[in-house]
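Residue strings, one per chain:
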Amino acid sequence: MYHRDIFCIRLKKLRKAAGEQQKDLAEAINMAQTQVSAIENGKQGTSFDKLAAICQHYNVSADYLLGLIDEPRPLQKEGKL
């Protein structure tokens, strides 16, 4: 079941696993660093467009970020478009 805390925790975990700072993610998805911070701290939500951009940036399904599944699934299999 979706819960905002799950999204916040998983987004932060993915960002840190990628070795990125909040400003790096913000630049990658055309967002202010303060917005990324607010999202990770559960103070702000995000749009579908930004959710899709985050999924593409980290190559992970929205289902994982939203807490609908527990295992991160890539958007695409390696070598396929």
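Residues numbered from 1 in each chain as written. Predicted model: local features only at pLDDT ≥ 70, side-chain atom pairs only at ≥ 80, totals over all residues. Heavy atoms only, no water.

Turning our attention to the pattern of salt bridges. Tallied over the full model, the rule gives two salt bridges. Between R10 and D70 there is a salt bridge, with its nearest N and O atoms 3.2 Å apart. Of this pair, R10 sits in helix α1 (residues 4–17) while D70 sits in the segment after α5 (62–65), and the two are 60 residues apart along the sequence. You can call R10 buried: its relative accessible area is 12%. Since its relative accessible area comes to 59%, D70 is described here as exposed. (Salt bridge = Lys/Arg side-chain N within 4 Å of Asp/Glu carboxyl O. Helix = DSSP H or I, 4+ residues; strand = E, 2+ residues; numbered from the N terminus. Buried < 20%, exposed > 50% of the residue type's maximum accessible area, 1.4 Å probe, protein only.)

A positive phi angle, near 60°, is found at N30, a position not held by glycine. With a relative accessible area of 67%, N30 lands in the exposed category. Residue N59 is not a glycine yet carries a positive backbone phi of 50°. In this structure, N59 sits in the loop between α4 (48–58) and α5. Looking at N59, the relative accessible area reads 30%, which means it is partly exposed.

Spatial relationships are all this shows, so hold off on functional conclusions.
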